[in-house]
Amino acid sequence: MSDEQEALTLVKAWTAGRARLKAAGIDQPAIDARLMLEAAADATRTDIVTDPYRVITPEQAATLDSYLARRERREPVSHILGRKGFWKIMLNVTPDVLTPRPDTETIVEAALRDWPEHEPRTVLDLGVGSGAIILAILAERPAAKGLGVDISEEALAVARENAANLDLDGRIALLRGDWTGGLAEESFDLVVSNPPYIPSQDIETLEPEVRDHEPRLALDGGADGLDHYRVLAPEILRVLKPGGRFLVEIGHDQSLQVEPLFRDAGGVEVSTLKDLSDRHRVVWGRKKPLET
Ligand code: GLN
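The model shown is predicted, which means the values in this text are computed figures rather than measured ones.

K.L.:
What is the right way to look at the site of the ligand in this model?
P.N.:
The ligand sits among Leu98, Arg101, Asn194, Pro195, Pro196, Tyr197, Ile198, Val210, Ala218, Leu219 and Glu249. In this structure, proline 195 approaches the ligand through a main-chain N or O atom, which is 2.6 Å from a nitrogen atom. Coverage of the ligand by the protein amounts to 87% of the 300 Å² it exposes when considered alone. In this structure, the ligand is accommodated by the largest pocket. Taken together, the residues of the shell around the ligand break down into eight nonpolar, one polar and two charged.

Here it is in structure tokens:
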């Protein structure tokens, strides 16, 4: 590179990256290009705004170039960078777990709503994946303890790493299992789950980022998408303490099917919460308290 040749600055790299992703038809080219630039150039979001003419090294430019090439092939940013922010925590992410999604923060927000900060409660996360839901909850409630269950050993390894990185490994146990098989009755104050709920035949219609890169095991809900709720509703009511609360994520058009499954299993106060996009996203309710 000759001295006269213009050096690549943060702002130029961002602009060029954004244009490249836009040309490839990527949905949010500015955000994705910025996240990859931050990682490649070891810069923060603030650096890009306050120090836009900082020159990046040829090695950093080459790293950014390889990230952009992978994104052009529709690999998710979370897989390229190996991490994803969720609620107030940062999580390691691999192709063995579902990438945490903002929609799922609806569960965290509702779980914390009527829970005083220092009150000890026990939490079970069924299909824990990366640990996003339960770790976000434990991070907010210092007296809480949790158990995360997953059928995938690879997913549990990711959750274990995330728990350790967040210094939450002393308050969470991670167990391989098929939903609640092996767990005792009336053990938990709160049960959360984001089970697979996409109807099998719809999977091929999903965006390439999801269809080609995310684990089928975490997406496929059977013929009508509801297979796992049929199993989970009675199991969740079994392991909840009387008066305990459950929160399960659903597809935006599944509320009318999923609510009755939980009522039939003995759930009370069953209703559906909306996500930030105003779509039905979480069915919640309680197990009948003893004294009423
Ligand atoms: N919300 C995810 C998607 O649409 C699916 C998550 C799930 O099946 N639990 O890709």
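Once you've had a look at it, read on.
K.L.:
I keep staring at the pattern of salt bridges and nothing clicks. Help me out?
P.N.:
Opposite charge on two side chains allows them to pair when their charged atoms are near. This model, assessed by the stated rule, comprises 26 salt bridges. Of the charged contacts in the structure, one is a salt bridge between aspartate 278 and lysine 274, with a shortest N-O distance of 3.9 Å. Look at aspartate 278 and you get exposed, because its relative accessible area is 55%. Take lysine 274: its relative accessible area is 44%, and that puts it in the partly exposed class. Through salt bridges with shared partners, a single ionic network connects Asp32, Arg71, Arg74, Glu207 and Glu209.

K.L.:
Looking at this structure, I do not really get helix α2 (residues 29–40). What am I missing?
P.N.:
Side chains that are three or four residues apart share a direction in an α-helix, a result of its 3.6 residues per turn. Its 12 residues give α2 an end-to-end C-alpha distance of 16 Å, which sits within 8% of 16 Å, the value for a rise of 1.5 Å per residue. The set of residues buried in α2 consists of Pro29, Asp32, Ala33, Arg34, Met36, Leu37, Glu38 and Ala40. Along its buried surface, α2 packs onto α1 (10–23), α3 (45–50), α4 (58–72) and α5 (77–81). Of the residues one or two after α2, aspartate 42 is the one with positive phi, at around 50 degrees.

K.L.:
Just checking my understanding: could you explain the packing of α2 against α4 for this structure?
P.N.:
To describe two helices that pack against each other, one gives the angle between their axes and the distance between the axes. The geometry of α2 relative to α4 is characterised by a closest axis approach of 9 Å and an angle of 145 degrees between their N-to-C directions. For the element pair α2 and α4, the recorded crossing hand is right-handed. Contacts between α2 and α4 involve Asp32, Met36, Leu37, Ala39 and Ala40 from the former and Gln60, Thr63, Leu64, Tyr67, Leu68 and Arg71 from the latter. In terms of residue class, the contact of α2 with α4 is built from seven nonpolar, two polar and two charged.

K.L.:
Looking at this structure, I do not really get helix α11 (residues 255–264). What am I missing?
P.N.:
What α11 keeps buried is the set Ser255, Val258, Glu259 and Phe262. The buried residues of α11 occupy an angular sector of 105 degrees when the element is viewed end-on, so they sit on one face. Of the exposed residues in α11, those oriented more than 90 degrees away from the buried face are Leu256 and Asp264. Phi turns positive, to about 110 degrees, at glycine 266, one or two residues after α11.

K.L.:
What am I meant to see in the sheet that holds strand β8 (residues 267–274) here?
P.N.:
Pairing is mixed in the open sheet, where seven strands are placed in the order β5-β4-β3-β6-β7-β9-β8. Only two strands of the sheet have a single neighbouring strand rather than two, namely β5 (172–176) and β8. The average angle at which neighbouring strand axes cross in this sheet is 15 degrees, direction not considered. In this structure, strand β7 (residues 240–249) lies alongside strand β9 (residues 280–287), joined through five bridges in antiparallel fashion. Among the inter-strand pairings, leucine 247 is bridged to a residue of β9, identified as tryptophan 284.

K.L.:
Before we go on, may I ask you to explain the pairing of β9 in this structure?
P.N.:
One face of the sheet, then the other: side chains in a regular strand alternate in exactly this way. When you tally the buried positions in β9, you get six out of eight residues, the bulk of the element. Note that β8 and β9 share six bridges and pair antiparallel. Residue pairing for β9: serine 271 is matched across the bridge by tryptophan 284. The turn linking β8 back onto β9 is made up of five residues, and aspartate 278 within it adopts a positive phi angle of 65 degrees.

Cut-offs and rules
- Residues numbered from 1 in each chain as written.
- Predicted model: local features only at pLDDT ≥ 70, side-chain atom pairs only at ≥ 80, totals over all residues.
- Heavy atoms only, no water.
- Near = heavy atom within 4 Å.
- Polar contact = N/O pair within 3.5 Å; in protein donor to acceptor, adjacent residues only side chain to side chain.
- Areas by Shrake-Rupley, 256 points an atom, 1.4 Å probe, with all protein chains shown as cover.
- 1 Å grid on protein atoms, 1.4 Å probe; cavity = no way out; pocket = protein on both sides within 12 Å on 5 of 7 lines; lining within 4 Å.
- Sits in = over half its atoms within 2 Å of the grid points.
- Nonpolar A, V, L, I, M, F, W, Y, C, P; charged D, E, K, R; others polar.
- Salt bridge = Lys/Arg side-chain N within 4 Å of Asp/Glu carboxyl O.
- Buried < 20%, exposed > 50% of the residue type's maximum accessible area, 1.4 Å probe, protein only.
- Helix = DSSP H or I, 4+ residues; strand = E, 2+ residues; numbered from the N terminus.
- Expected span 1.5 Å × (residues − 1).
- Contact = heavy atoms within 4.5 Å.
- Axes fitted to C-alpha atoms, helices over the stretch in contact; angles between N-to-C directions.
- Left-handed = near helix turned anticlockwise from the far one by under 90°.
- Arc of directions from axis to C-beta.
- Pairing = 2+ DSSP bridges.

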